[in-house]
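Commentary on secondary and tertiary structure
In case you want the letters, here they are:
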Amino acid sequence: EAAVTQSPRNKVTVTGGNVTLSCRQTNSHNYMYWYRQDTGHGLRLIHYSYGAGNLQIGDVPDGYKATRTTQEDFFLLLELASPSQTSLYFCASSAGALDTLYFGAGTRLSVL
Amino acid sequence: QEKVQQSPESLIVPEGAMSSLNCTFSNSASQSIWWYQQHPGKGPEALISIFSNGNKKEGRLTVYLNRASLHVSLHIRDSQPSDSAVYLCARGTNAYKVIFGKGTHLHVLP
């Protein structure tokens with residue numbers, strides 16, 4: 001069964017702080033995604049990748065960087081966190097473009 | 001920008017009833033449509049997908065797709081309290097992204 005693991009599960013930081021969210025998938029999937037989920041907006045795509053070293057810009061990329069270091073690992077970086085980035089973040093993976101997504105359990109981030 | 005609109009925002013049905021959820025999209029590009037289920041505190045899980053016009057049945061779930069009207073619907077027969085969740089409609093785009101609607105909150109009353 002597909003497995004996507006996110007860490008940490010909860011994170012609190014202050015405005016201007018540095019945050020790294022981690023995601024590891026053990027499905028040998030090529031594609032990985034970072035979404036944020038907010039009431040009234042649903043799931044919005046931040047960045048995605050189709051392989052190690054590759055990065056594609058999603059629909060709400062401002063204030064976020066991402067790195068895909070290996071096929072398994074995808075990181076989301078907030079270098080100067082702002083309160084507007086308080087959200088529930090999900091990582092997902094898929095075998096190919098436009099295939100079924102497998103999601104992690106999410107990271108709840110609060111920026112004070 | 002391509003969009004996915006879902007209705008209703010919230011749906012309350014008694015146990016055993018049919019639940020009907022709707023989704024419309026902004027253009028008729030030929031990618032698959034998915035329905036995902038999300039329980040509180042969990043990530044979304046794929047329920048069922050459809051690519052071709054027409055319907056698809058899996059257990060208590062039936063999906064209808066009409067690309068001409070840019071509409072897809074999900075019907076849950078014999079709804080159970082355990083079906084209470086948020087249901088997300090999703091579709092692929094020409095940019096090889098998957099975009100989601102805002103979801104329908106389904107409450108099945110015992």
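Going by the structure above, here's the rest.
Residues numbered from 1 in each chain as written. Chains lettered and ligands numbered in written order. Predicted model: local features only at pLDDT ≥ 70, side-chain atom pairs only at ≥ 80, totals over all residues. Heavy atoms only, no water.

Moving on to the packing of aromatic side chains. Under the defined criterion, the tally for this structure stands at twelve aromatic pairs over all chains. Measuring from centroid to centroid gives 6.0 Å for Tyr33(A) and Tyr48(A), while their planes differ by 15 degrees, and the two rings are stacked. With Tyr33(A) in strand S4 (residues 31-38) and Tyr48(A) in strand S5 (residues 42-49), this pair connects stretches of sequence that are 15 residues apart. Residue class for Tyr48(A) comes out buried when judged on its relative accessible area of 6%. Their ring planes at 55 degrees and their centres at 5.4 Å tell us that Tyr36(B) and Phe100(B) sit as a pair that is tilted. Residue Tyr36(B) is located in strand S4 (residues 33-38), and its partner Phe100(B) is located in strand S10 (residues 98-100); the two are separated by 64 residues in the primary sequence. A residue is classified by how much of its surface remains accessible, and Phe100(B), at 8% relative accessible area, is buried. Among the aromatic side chains, those forming a connected cluster through ring pairs are Tyr31(A), Tyr33(A), Tyr35(A), Tyr48(A), Tyr50(A), Phe90(A), Phe103(A), Tyr36(B) and Phe100(B). Over the ring of Phe51(B) we find Arg67(B); its NZ or CZ atom is 5.4 Å from the centre of that ring. (Phe/Tyr/Trp six-rings, centres within 6.5 Å; stacked < 30°, edge-to-face > 60°. Helix = DSSP H or I, 4+ residues; strand = E, 2+ residues; numbered from the N terminus. Buried < 20%, exposed > 50% of the residue type's maximum accessible area, 1.4 Å probe, protein only. Lys NZ or Arg CZ within 6 Å of the ring centre and 35° of its normal.)

Bringing the pattern of salt bridges into the picture now. Residue and element names in this part refer to chain A. Throughout the structure, instances matching the rule amount to eight salt bridges over all chains. The partner of Asp38 in a salt bridge is Arg36, with the nearest N and O atoms 2.8 Å apart. Residue classification places Asp38 among the buried residues on the basis of a relative accessible area of 13%. Of the charged contacts in the structure, one is a salt bridge between Glu79 and Lys65, with a shortest N-O distance of 3.2 Å. Residue Glu79 is located in the loop between strand S8 (73-78) and strand S9 (87-94), and its partner Lys65 is located in strand S7 (residues 65-68); the two are separated by 14 residues in the primary sequence. (Salt bridge = Lys/Arg side-chain N within 4 Å of Asp/Glu carboxyl O.)

Opposite the 21 residues of chain B that make contact, chain A presents 19 residues. Carbon and sulfur atoms supply 59% of the area that chain B and chain A bury against each other, a total of about 1,600 Å² over both sides. The interface formed by chain B and chain A includes one salt bridge. Across the pair Asp59(A) and Lys97(B) runs a salt bridge, and its minimum N-O distance is 2.5 Å. One can count six residue pairs in polar contact (both at pLDDT 80 or more) joining chain B with chain A. Among the secondary structure elements, those contributing two or more residues to the side of chain B that touches chain A are S4, strand S9 (85-92) and S10 of chain B. (Contact = heavy atoms within 4.5 Å. Buried area = accessible area lost by both parts, 1.4 Å probe. Polar contact = N/O pair within 3.5 Å; in protein donor to acceptor, adjacent residues only side chain to side chain.)

A word on the sheet that holds strand S3 (residues 19-25) of chain B. Residue and element names in this part refer to chain B. Reading across the sheet, the five strands line up as S1-S3-S8-S7-S6 and stay open at both edges, with antiparallel pairing between neighbours. On the outer flanks of this sheet lie strand S1 (4-7) and strand S6 (54-58), each paired with one strand and no other. If you compare each strand with its neighbour and ignore which way they point, the axes differ by 15 degrees on average. As paired strands, S1 and S3 are joined by four bridges and run antiparallel to one another. Considered in S3, the bridge of Gln6 is made with Cys23. (Pairing = 2+ DSSP bridges. Axes fitted to C-alpha atoms, helices over the stretch in contact; angles between N-to-C directions.)

This part is about the environment of Asn94(B). All names here are of chain B. With respect to the element layout, Asn94 can be found in the loop between S9 and S10. You can call Asn94 exposed: its relative accessible area is 53%. Considered as a pair, Asn94 and Gln31 are 63 residues apart in the sequence and their alpha carbons are 8.2 Å apart.

Applying the stated rule across the entire model yields two disulfides over all chains. Between the sulfur atoms of Cys23(A) and its disulfide partner Cys91(A) the distance amounts to 1.9 Å. Between Cys23(A) and Cys91(A), the disulfide has an S-S torsion of -75 degrees and is therefore left-handed. On the criterion of sequence distance, the pair formed by Cys23(A) in strand S3 (residues 19-25) and Cys91(A) in strand S9 is long-range, its members being 68 residues apart. Accessibility expressed as a relative area gives 0% for Cys91(A), which makes it buried. Disulfide partner of Cys23(B): Cys89(B), at an S-S distance of 2.0 Å. Between Cys23(B) and Cys89(B) the disulfide shows an S-S torsion of about -80 degrees. By sign, it is left-handed. Of this pair, Cys23(B) sits in strand S3 while Cys89(B) is found in strand S9, placing the two residues 66 residues apart along the sequence. For Cys23(B), a relative accessible area of 0% puts it in the buried group. Judged by relative accessible area, which is 1%, Cys89(B) ranks as buried. (Disulfide = S-S within 2.5 Å.)

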